[in-house]
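The primary structure of each chain is shown beneath.
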Amino acid sequence: MSDLTTRDSAETPDHGHGPTTDGDGTDLARPLFTGPGALPAADVPHRPRASDVNPKAARRVERQIAAMFMLAVLMVILFVIAYVGIDPYTMAYVPVLGEVGAQNAALGFTFGLGVFAIGAGAIQWAKKLMPDVEVVQERHTMTSDAEETDAAAEQFERGKEESGFGQYRLIRRTLIAALALFPIPLVVLLRDLWSPKNGGFGPSPSEVLSETAWTEGMPIVTDGTYVKIRPEEIPVGGLVSALPENINEIQEEEHNLNARGKAAILLVRMEPDEIRSQQGEGWDFEGIVAYSKICTHVGCPIALYEHRTHHLLCPCHQSTFDLADAGNVIFGPAARRMPQLPIGVNEEGFLVAKMPFQEPVGPSFWERG
Amino acid sequence: MSTVEKVGGSVATYVDNRTGSNRFLARNLKKVFPDHWSFMLGEIALYSFIVVLLTGVFLTLFYKPSMVEVVYDGSYVPLKGVMMSEAYASTLDISFDVRGGLLIRQMHHWAALLFIAAMSVHMMRVFFTGAFRKPREFNWIIGVTLIALGLAAGFSGYSLPDDLLSGTGLQIARGIIQAIPIVGTWGAFLLFDGEFPGTEFISRLYGVHILLVPGLILALVTVHLMLVWVQKHTQFPGPGRTNNNVVGYPLMPIYMAKAGGFFFVVFGVITLIGGLVTVNPIWIFGPYTPDQVSAGSQPDWYIGWLDGMLRIMPNWETVLFGYTISWNIFLPAVVIPGIVFTAAALYPFLEAWATGDKRDHNLLDRPRNAPVRTGIGVMAITFYFLLFIGGGNDIIAITFDLSINSIIWFLRIAVIVGPPIAFLITKRICLGLQRRDREKLLHGYESGRILRLPHGEFIEVHEPLTPKERAVIESAVEAYHTPLPAAQKTDANGVRNKHYRRENLRAKLSHWFYGDAIVPPTYDEIEAGQAHVAHDAAIEAPLHEHDVDTTVMVPFHGGILHTEGEPATNREQLEERGGNL
Amino acid sequence: MKALAARRRNPVVVTLLLLVALLGVGGVYAVATSAAPAEATASNDQTAIDEGKRLYLEGCSSCHGLNAEGTSNGPTLIGVGAASVHFQVATGRMPMAAPGAQAGAKPPVYTDEEVAQMAAYIASLAPGPAIPTAEQLDYSDADVAEGGVLFRINCAQCHQAAGGGGALTQGKYAPSLMDATPQEIYEAMLTGPQNMPVFGDGTLTVEDKQAVIAYIMNLQEAPSPGGISLGRLGPVAEGLFLFAGVMVIFIGLAVWIGIKAR
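Residues numbered from 1 in each chain as written. Chains lettered and ligands numbered in written order. Predicted model: local features only at pLDDT ≥ 70, side-chain atom pairs only at ≥ 80, totals over all residues. Heavy atoms only, no water.

Visitor: Before we move on, can you summarise helix α8 (residues 144–154) of chain C with the specific residues and values?
Guide: Most of α8 of chain C sits out of view: 9 of its 11 residues are buried. Along its buried surface, α8 of chain C packs onto β8 (239–244) of chain A, α7 (164–178) and α11 (282–285) of chain B together with α9 (156–159) and α11 (206–221) of chain C. The opening residue of α8 of chain C, the one whose side-chain oxygen lies 3.0 Å from the backbone nitrogen of A145 of chain C, is D143 of chain C. (Buried < 20%, exposed > 50% of the residue type's maximum accessible area, 1.4 Å probe, protein only. Helix = DSSP H or I, 4+ residues; strand = E, 2+ residues; numbered from the N terminus. Contact = heavy atoms within 4.5 Å. Polar contact = N/O pair within 3.5 Å; in protein donor to acceptor, adjacent residues only side chain to side chain.)

Visitor: Go over a negative patch on the surface, please, and point to the residues and values.
Guide: Judged by side-chain charge, D145, E147, E148, D150 and E154 of chain A come together as a negatively charged surface patch. Of note, E154 of chain A is situated in helix α4 (residues 146–163). (Patch = residues over 30% accessible without salt bridge, like charges linked within 9 Å, V, L, I, M, F, W, Y side chains within 5 Å. Areas by Shrake-Rupley, 256 points an atom, 1.4 Å probe, with all protein chains shown as cover. Salt bridge = Lys/Arg side-chain N within 4 Å of Asp/Glu carboxyl O. Lys, Arg positive; Asp, Glu negative; His and termini not counted. Charge placed at Lys NZ, Arg CZ, Asp CG, Glu CD.)

Visitor: Which residues make up the state of the cysteines, and what values go with them?
Guide: By definition, a disulfide is the covalent link that joins the sulfur atoms of two cysteine residues. In the structure shown here, the tally under the stated rule is 1 disulfide over all chains. Note on C63 of chain C: no disulfide assigned, nearest cysteine sulfur contributed by C60 of chain C at a separation of 8.8 Å. (Disulfide = S-S within 2.5 Å.)

Visitor: Describe the interface of chain C and chain A, and please don't skip the residues or the numbers.
Guide: Across the contact, 35 residues belong to chain C and 43 residues belong to chain A. Summed over the three residues of chain C that lose the most area to chain A, namely Q157, T203 and W256 of chain C, the buried surface amounts to 18% of that side. On the surface where chain C and chain A come into contact, there are 1 salt bridge. Between K172 of chain C and E306 of chain A there is a salt bridge, with its nearest N and O atoms 3.4 Å apart. When residues of the side of chain C that touches chain A are traced back to their parent elements, those giving at least two are α8, α9 and α12 (235–258) of chain C. Among the residues making up the side of chain C that touches chain A, the classes are represented as 18 nonpolar, 12 polar and 5 charged. (Buried area = accessible area lost by both parts, 1.4 Å probe. Nonpolar A, V, L, I, M, F, W, Y, C, P; charged D, E, K, R; others polar.)

Visitor: I'd like a rundown of the nonpolar core, residues and numbers included.
Guide: Membership of the largest hydrophobic core comes to 95 residues, with the highest contact counts inside it found for L114, I217, F262 and Y302 of chain B together with L242 and F250 of chain C. At 13 residues, the largest contribution of residues to this core is made by helix α5 (residues 101–128) of chain B. Not counting residues up to four positions away in its chain, the partners in contact with Y302 of chain B are L113, I116, L151, G154, F155, Y158 and Y384 of chain B. By size, the runner-up hydrophobic cluster in this structure holds 62 residues, among which are L323 and A324 of chain A together with V149 and Y186 of chain C. (Core = buried A, V, L, I, M, F, W, Y, C linked by side-chain atoms within 4.5 Å.)

Visitor: Summarise the confidence of the model for chain A; cite the residues concerned and give the values.
Guide: Looking at chain A, pLDDT values average 86 and 86% of them are 70 or higher. Here residues 1–42 of chain A is modelled with pLDDT under 50, and outside its nearest four sequence neighbours on either side it reaches 86 contacts, counting other chains as well. (pLDDT = per-residue confidence, 0-100.)

Visitor: For the environment of A261 of chain C, give the residues involved together with the corresponding values.
Guide: In this fold, A261 of chain C is placed in the segment after α12. Considered as a pair, A261 of chain C and G245 of chain C are 16 residues apart in the sequence and their alpha carbons are 26 Å apart.

Visitor: Requested: an account of the domain arrangement of chain C, with residues and values cited.
Guide: One widely used convention gives an interface's size as the accessible area the parts lose upon coming together. All names here are of chain C. In terms of domain boundaries, chain C breaks down into domain 1 (1–131) and domain 2 (134–232). Taken residue by residue, the interface counts 16 residues in domain 1 and 15 residues in domain 2. Carbon and sulfur atoms supply 56% of the area that domain 1 and domain 2 bury against each other, a total of about 1,300 Å² over both sides. Counting the contacts that link domain 1 with domain 2 gives 0 salt bridges. At the junction of domain 1 and domain 2, the tally comes to 5 residue pairs in polar contact (both at pLDDT 80 or more). Within the side of domain 1 that touches domain 2, the residues separate by chemical class into 9 nonpolar, 6 polar and 1 charged. (Domains from an automatic or database assignment.)

Visitor: Kindly report on the sheet that holds β8 of chain A, identifying the contributing residues and their values.
Guide: Residues and elements named next belong to chain A. Read from one edge of the open sheet, 5 strands run β7-β8-β9-β10-β15, paired in antiparallel fashion. Of all strands in the sheet, those with a lone pairing partner are β7 (220–222) and β15 (340–341), marking the two edges. Of the pairings in the sheet, the one linking strand β9 (residues 265–269) to strand β10 (residues 288–292) comprises 5 bridges and is antiparallel in character. For I265, the partnering residue across the bridge sits in β10 and is S292. (Pairing = 2+ DSSP bridges.)

Visitor: Tell me about the confidence of the model for chain C, and name the residues and values.
Guide: Residue and element names in this part refer to chain C. For chain C, mean pLDDT is 84; residues scoring 70 or higher make up 83% of the total. Segment residues 30–43: pLDDT under 50, and 18 contacts once partners within four positions in sequence are set aside and those in other chains are kept. The ipTM, which scores confidence in the relative placement of chains, is 0.88 for this predicted complex, and the corresponding pTM is 0.89.

Visitor: Quick rundown of unusual backbone geometry? Include the residues and the values.
Guide: With an omega dihedral of -5°, the bond running from F196 of chain B to P197 of chain B counts as a cis peptide bond. The topology assignment puts P197 of chain B in the loop between α8 (184–192) and α9 (201–231). Put simply, M94 of chain C and P95 of chain C share a cis peptide bond, and its omega is -5°. Note on placement: P95 of chain C falls in the loop between α5 (81–90) and α6 (112–125). Within the chain, I182 of chain B stands out as a residue other than glycine whose phi angle is a positive 65°. Within the secondary structure, I182 of chain B sits in the loop between α7 and α8. We classify I182 of chain B as exposed; its relative accessible area is 56%. The phi torsion at Q170 of chain C lies on the positive side, around 50°, for a residue other than glycine. On the secondary structure map, Q170 of chain C appears in the loop between β1 (166–167) and β2 (173–174). Residue Q170 of chain C is classed as partly exposed on the basis of its relative accessible area of 46%.

Structure follows, in C-alpha cells:
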C-alpha cells in the first residue's frame with residue numbers, strides 16, 4: 001500500500017464510512033503532490049453521501065439494490081413462461097410498438113429488463129454503499145531503466161555470438177532465401193479458388209465476362225412468368241423486365257444464377273420518333289428498345305425507368321441513363337452507357353434478340369478495354 | 001471465517017501454487033481507474049462485442065451458409081414456395097421458426113451496429129483529448145485497425161442472409177473488387193469462384209465472418225486492454241491530478257461493480273432493443289436474385305460514408321493501352337478509404353513529429369487547448385458526415401422532398417469546401433475559449449457586481465475560481481507549447497544545413513500547430529491574479545457580513561452595492577463602520 | 001326535302017334511328033371489348049358525359065386544352081381512358097395544386113360521382129383503359145408469394161421492397177404504396193401515371209396484377225414480428241435510431257455511472 005493514499009484523510013483508514021466529517025458535513029482533501037511538473041493540488045471539499053451518515057438511508061439503498069436483483073430473478077422466470085406459454089406466431093398490439101410479434105417482444109423485454117436490473121443493482125451498490133473517496137496511485141514510466149536495457153542488449157549480443165549468425169554467411173543467406181520462398185505454396189494453393197468446371201484452365205475471366213446467354217434469334221421472355229412476348233403486348237410507355245427463353249434451363253444445368261445476373265434486360269417502348277439515337281442502326285423494333293438491366297457502374301440491377309423522360313436511374317448510386325439516346329450516361333458515377341441488345345421478331349411474331357450483346361454487360365474491369 | 005471464504009481461500013491457494021496468481025492479484029486488485037463518463041465509451045464497444053460473440057454462437061447453430069437453391073416451406077406465408085438460397089431460407093427459419101431466434105438475430109445485428117458506433121465515438125474521445133500521444137501510439141493504431149476490422153465483420157455479416165438487400169451489397173463489393181487495376185478481375189473471380197453470384201461466396205464469407213475477423217478482433221482487443229492496463233488509464237486534469245499519478249477508484253471493489261454492472265446494463269439494453277425494435281427485416285426484402293433490386297438499397301450505417309463517396313464521385317474512367325482504369329470506383333472505394341485509414345493510424349506520429357513533442361502524456365488535453373488538433377478532428381467528422389449524407393441521399397431526397405441531383409451536386413462541392421471551413425471555425429472557437437480561460441485564471445469570474453471604492457474608483461467584483469475549476473483551466477499552462485524555432489540554412493559557422501528542407505517544413509508545421517495559441521499566464525501571474533481576486537473579495541466582504549440577516553442584495557443607483565436597510569452610499573456605510581471597509 | 005324533314009320527327013323513324021344507333025354503339029362496343037377487353041368505354045350515358053365535359057372545361061382545360069388535346073402545361077388526355085382519370089382525380093393528384101416535379105396525392109377535390117362523369121367524358125373522346133371491374137380487382141384467390149416475386153421484379157426498384165416509395169431523378173419520386181387501394185394500384189399499372197411505366201395486360205396479366213395487389217395488401221396489413229418497424233426504411237432508419245436512440249441511452253447511462261452519489 002506504499003503508493004496508495006486516500007485523498008481525504010490518511011489518518012482515517014476506514015475511508016468512506018468513517019466519521020471523517022466535521023460539523024457542517026464537509027471535509028477537505030489534502031493536497032498531495034506539489035513537486036515539480038505537478039499541477040498545484042488544491043483542497044477539494046468531500047461531501048459524504050446520505051448513506052454514509054444516515055443509517056436509515058443506507059438501509060433504504062440496501063433494500064433498493066436487493067429489489068433490483070429480485071426483479072432479475074422474477075424476469076428470468078417470466079422469460080421461461082413466455083418461451084413456453086406464448087405461441088411464436090401470434091401477433092399482439094402493444095402500445096408504442098404497434099402490432100408486433102408477441103413472443104419476441106415478451107422474450108426481449110423479460111430477458112433484457114432482468115439483465116439490466118443486475119447491472120443497475122451492481123452499479124447502484126458501487127455508487128451508494130462502496131467508498132466514494134478517490135484514491136491516488138503513482139505512475140511509472142514505461143521506459144526500462146538503463147541497467148535493464150544494458151542487460152537486454154548483452155543477452156542479445158551473447159545469443160548472436162553463440163548462434164554464430166554473424167559468422168556463418170552461407171547459412172544466413174540460404175536461410176533468408178528459404179524463408180523468402182516459404183510463403184509461395186500458401187499463395188499458389190489459392191489458385192483453385194476459381195476452377196472452371198470443365199477442367200483445365202478454361203476461358204479467361206474477361207472472356208467469361210464478355211459473354212451472355214443471348215444468341216441470335218433467342219426469344220425474349222418475361223422475368224418471373226417466363227412467357228414469350230409479342231411486340232403489340234408492350235404499350236407505348238411500357239416496361240418489361242425480361243430474360244432469354246432458355247434461362248431456367250441454363251440455371252438448372254449450372255446450378256447458379258450467374259447467367260441471370262448478366263442476361264437480364266429491360267424492354268421499353270416509346271414512339272419511334274422519340275428515339276434520338278441507338279447503339280446500332282435498326283436495333284429497335286417499332287419503338288421497342290432492349291437494354292441490359294445491369295448497371296455499368298458496379299452492377300446493380302437497374303429498372304427505375306421514367307417513361308416520359310426515358311431516364312433510367314440506378315437505385316444504388318444514382319447513375320442516370322437516357323434510353324432515348326443510346327443509353328448514354330447523363331448523370332452520376334457510371335462512366336459507360338448501358339449496352340443495347342438488338343431485337344426483332346421471329347416468324348411466329350415473338351420478340352427475339354437479333355444478335356448477342358456487342359459489348360460486355362455490367363461493371364467495367366481491367367481487361368475490358 | 002465463513003465456509004465460503006474458507007473454500008475460496010483454499011481455491012486461491014491451489015491456483016496460486018500452480019500459477020503464482022496471488023502475486024498478480026496483490027498488485028492489481030487495488031489498481032486505480034479514473035472516473036469519467038467518456039471513459040465508458042470503449043467499454044460499451046467491448047461489451048457489445050461480447051454480446052455479438054454470444055449471440056453469434058447461437059446463430060451458427062441454425063444458419064446454413066449455402067447458396068444451394070431450395071423452395072421455401074417455412075411459416076412465413078408471403079414467401080411460401082419461392083425459390084431461394086439455403087442461407088436465406090435458414091435465416092427465415094431463425095426469424096420465424098426458432099423460438100427466440102428473431103430476438104437473438106436482432107440482438108446480434110443491433111449489438112454489431114452498436115459495437116462499431118461505440119468504437120467510433122470512443123475513437124473521437126481519444127482523438128480530441130490527445131489520449132493517443134506518447135506512450136499510447138501503439139494502442140491508437142490497434143484501435144484504428146479494430147475499427148477497420150469492425151467494418152469487415154459488419155459488412156460480412158450483413159451479406160450472409162443473402163436477402164435482396166445484402167446481395168445488392170455483395171454485387172457492389174464485387175464491382176469494386178473488379179475495378180482494382182491489374183489484379184481486380186482475377187481477384188474477383190478467385191473470391192467468388194467465377195462469376196457473380198456463383199455458389200461459393202456465402203460459405204467463404206461465413207468463414208471470414210465467424211472465424212477470421214472475430215479471431216483477429218478478439219486478439220487485438222486483448223492486446224488493447226493489456227496495454228491500457230500496463231500503461232494505466234489517462235485522466236482529465238483536476239485537483240491533485242498530475243501527469244505522474246492516477247486519481248480514481250480502485251478496481252476492487254468499485255470498478256468490479258461498476259464495470260461488471262455496466263456489462264449487464266449494456267447486455268440488458270441490447271436485449272430490450274432486440275426484442276422491441278426491428279432491425280433488418282430480411283423477410284420484407286425477399287431472396288436475392290441478381291436481376292432484382294429495391295429502391296433505397298442502403299448499406300448499414302458504418303458503410304454509408306463509403307457508399308456516399310461512391311455516389312458523389314464524378315464518372316471518370318480512362319482506357320489506356322487497351323486496359324480500363326475505373327477511377328470512378330477505384331478512387332472512392334479503395335484509394336481514398338486507404339488514405340483515410342492510413343492517415344488516421346499515423347496521426348499520432350505526424351503530430352509528434354510536427355510539434356517536436358517527445359514527452360509522456362498521461363494527463364488529457366482539453367480540446368480547446370489543442371485548437372489545430374481539434375480543428376482537424378472536426379474537419380474529419382465533417383468530411384465523414386457529408387459522405388454519410390451522400391450514402392442516404394435517396395432517402396433524404398424523398399423524406400425532405402429534394403432532388404437527388406441537387407443533393408449530389410451540393411455534396412460534390414461541400415465535401416471539398418466544407419471541411420476546411422469547419423476547421424477554421426473550430427479553431428477560432430477554441431482560441432476564443434482559450435482567451436476566456438486566460439481571463440478566468442487572471443481575474444476569476446465576473447460577478448456583475450460593481451463596487452465603488454472610497455476614493456471614487458469603480459471596480460467590478462470578481463469571484464475566485466473553485467479549486468476544481470482552477471485545476472482544470474490551469475491545465476492550459478501545461479498544454480501550452482511554443483512553436484519550434486525557424487530552420488536555419490547555415491549554422492553559426494556558415495556550414496550548409498543538409499536537413500534544411502525537412503527542418504523548415506517541420507518548423508512551419510509546428511508554427512501552424514502552436515502559433516496561434518493564446519499564451520497562458522504563468523503560475524506566478526495566476527497566483528497574483530487570484531490574490532487580486534481575493535483582495536476584491538476582501539473589500540466586498542464587509543457588505544456580505546450583513547447577508548446573515550438581510551439576504552437580499554440590490555444594485556443601487558450609481559452601481560453601488562447596497563444591502564437593504566443599510567445606508568445607501570459607501571461613504572455612509574464607511575462612516576457607520578468607523579471608516580473601516 | 002321538307003317532307004323528309006317532317007318525317008324525321010315521326011315517332012317510328014325516331015325509334016328506328018335510336019335502334020340503329022344503339023346497335024351501332026353496341027357493335028362498336030362489342031368489337032372494342034373483344035379486341036381489348038380492358039378498353040371498354042365506361043359509360044355511354046350522355047348526361048354523364050355532358051356533365052363531365054362541363055367539369056373538365058372548368059377544372060382541367062386550362063392545362064390539358066379545351067378539347068383535351070394537351071398544351072405545354074399538360075399532356076393530351078385523348079386515349080388515356082377512364083382508368084387514368086379515376087386514378088389521377090380520385091387520389092387528388094389532379095388538379096395539381098402548384099406546378100412541380102410531380103403531382104402528389106392529396107385529398108381529392110371532386111366527389112366520386114364527379115370523377116365518374118369526368119372519366120366518362122374522357123373515355124368518350126377515344127378508347128382507353130377502362131376502370132377495372134370488381135372481378136378484375138378481386139384478388140382473394142391470388143397467390144401472395146407469386147405476387148411478391150412479381151412485385152420485386154417489377155415494382156420494388158422504384159417503390160422499395162416494403163412499398164415505402166423511393167426517389168427518382170430531379171425531385172420526382174415513386175410514392176409510398178401504404179395507402180393505395182387495389183383499384184388505384186390496378187389503374188396505375190394499366191395507365192402508367194406520370195413517369196411510371198405501363199405494365200400492359202399482355203406482359204403482366206390480370207392474374208399477375210391481382211397477385212401483385214394481394215402482395216401489396218399483405219405489406220399494408222402485415223404486422224411487424226420484430227418490434228417497432230422503424231418505417232421499414234432499412235439501414236438508414238436503423239442508423240438514425242442507433243445514434244439518436246441507443247447511443248444517447250448509453251451515454252446517459254455512462255454519465256449516471258460517473259456522477260457522484262449524494
